[in-house]
Amino acid sequence: RCLHCDEICSVCTTVCPNLANYTYATLPATYQVYRIKRDGQQGYLPEQLAPFSVSQTWQIINLADFCNACGNCHTFCPAHSAPYLEKPRLHFGMESFRASEKGFYLEKSAGIMRLWFKQDGREFSLEKHPEYFSLESQECTSRLDVISLRLLDVRWKLPEATETDTAMAPVMAVVMQAAADIVPY
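Here we summarise the structure given alongside this text. (Residues numbered from 1 in each chain as written. Predicted model: local features only at pLDDT ≥ 70, side-chain atom pairs only at ≥ 80, totals over all residues. Heavy atoms only, no water.)

**Describing the overall build of the chain**
Along its length, the chain carries 5 helices and 12 strands. For the chain, whose C-alpha radius of gyration is 17 Å, the value lies close to the compact-globule estimate of 16 Å for 185 residues. Each of the three principal axes of the chain carries a C-alpha extent, and together these read 55 × 35 × 30 Å. Across the 185 residues that make up the chain, the buried fraction comes to 42%. Of the contacts formed within the chain by residues at least 6 apart in sequence, a portion of 49% connects residues at least 24 apart. Total accessible area on the chain stands at roughly 10300 Å², and carbon and sulfur atoms take up 53% of it. Taken together, the 17 basic and 21 acidic charged side chains of the chain have centroids lying 1 Å from each other. (Helix = DSSP H or I, 4+ residues; strand = E, 2+ residues; numbered from the N terminus. Rg over C-alpha atoms; globule rule 2.2 N^0.38 Å. Buried < 20%, exposed > 50% of the residue type's maximum accessible area, 1.4 Å probe, protein only. Contact = heavy atoms within 4.5 Å. Areas by Shrake-Rupley, 256 points an atom, 1.4 Å probe, with all protein chains shown as cover. Lys, Arg positive; Asp, Glu negative; His and termini not counted. Charge placed at Lys NZ, Arg CZ, Asp CG, Glu CD.)

Here you go:
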């Protein structure tokens, strides 16, 4: 393993006494991110921001309901990271998700997947449809291409909302893929 640590490390998965860190594979990709401003003529005006990239195939997700924040993953991390704090935290129940300050929760029903995310008092959801994602925030609902995450359209929910962005959409799409393989329900 150490001979390929630039490709895969996963030390945190082996030192966690609760098996709370999980390694998953994702395809390296780059996604465009947009700042969206309200415009009187078209309804919205997209501005491209710096793209979001996943460069390594192997990633880590923290299973929040298993983690007791013991810090072993931080102690043994060769990159001086703290996976239990810095990696995406996936909750298995809505109650656990609601009680946390930050994290993800995957909901599956009737063939539709919806990933919830919250951070800094804001909540988002990403719903996967066959040909598009629906990204919902407090301000608006944005439709994004299911493969490229290219912005398709925006519907404002609040009349006073003037700006939003799609910065969390790529992260949520990657976490949704991982969570779909992990979550048994």
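**Quick look at the sheet that holds strand β12 (residues 163-165)**
Strands in a sheet are paired, the pairing made by backbone hydrogen bonds, and the direction either parallel or antiparallel. The 3 strands lie next to each other as β3-β2-β12, forming an open sheet whose pairing is antiparallel. This sheet does not close on itself; its edge strands, each paired only once, are β3 (45-54) and β12. Each adjacent strand pair in this sheet contributes to an overall mean axis angle of 15°, direction not counted. Note: strand β2 (residues 29-37) against β12, 3 bridges, orientation antiparallel. By the bridge assignment for β12, Arg35 is matched with Asp165. (Pairing = 2+ DSSP bridges. Axes fitted to C-alpha atoms, helices over the stretch in contact; angles between N-to-C directions.)

**Brief notes about helix α5 (residues 168-182)**
With 15 residues, α5 should reach 21 Å at 1.5 Å per residue; the first-to-last C-alpha distance of 21 Å fits that figure. For α5, the tally of buried residues reaches 11 of 15 residues, placing the bulk of the element in the interior. (Expected span 1.5 Å × (residues − 1).)

**Remarks on the nonpolar core**
One finds Phe104 and Met172 to be the most contacted residues of the largest nonpolar core, which totals 36 residues. Among all residues touching Phe104, those that are not within four sequence positions of it are Pro88, Arg89, Leu90, His91, Phe97, Leu115, Trp116, Phe117, Met168, Val171, Met172 and Val175. Judged by nonpolar contacts, the second largest core, of 8 residues, contains Cys16, Ile60, Cys67 and Tyr84. (Core = buried A, V, L, I, M, F, W, Y, C linked by side-chain atoms within 4.5 Å.)

**Topic: the layout of surface pockets**
Space inside the largest pocket adds up to approximately 400 Å³. Lining the largest pocket are 21 residues; nearest its centre among them are Cys9, Ser10, Gln56, Ile60 and Lys87. At the level of elements, α1 (11-15), β4 (58-63), α2 (72-76) and α3 (83-86) are the ones that each hand at least two residues to the lining of the largest pocket. For the lining of the largest pocket, the per-class residue count stands at 13 nonpolar, 5 polar and 3 charged. (1 Å grid on protein atoms, 1.4 Å probe; cavity = no way out; pocket = protein on both sides within 12 Å on 5 of 7 lines; lining within 4 Å. Points joined across faces, edges and corners; volume = space filled by probe spheres on them. Nonpolar A, V, L, I, M, F, W, Y, C, P; charged D, E, K, R; others polar.)

**Observations regarding empty space enclosed by the protein**
Scanning the entire structure with this criterion turns up 1 cavity of 30 Å³ or more. If you trace the largest cavity, you find 13 residues lining it, with Cys16, Cys67, Cys70, Cys73 and Tyr84 closest to the centre. Split into classes, the residues belonging to the lining of the largest cavity amount to 7 nonpolar, 6 polar and no charged.

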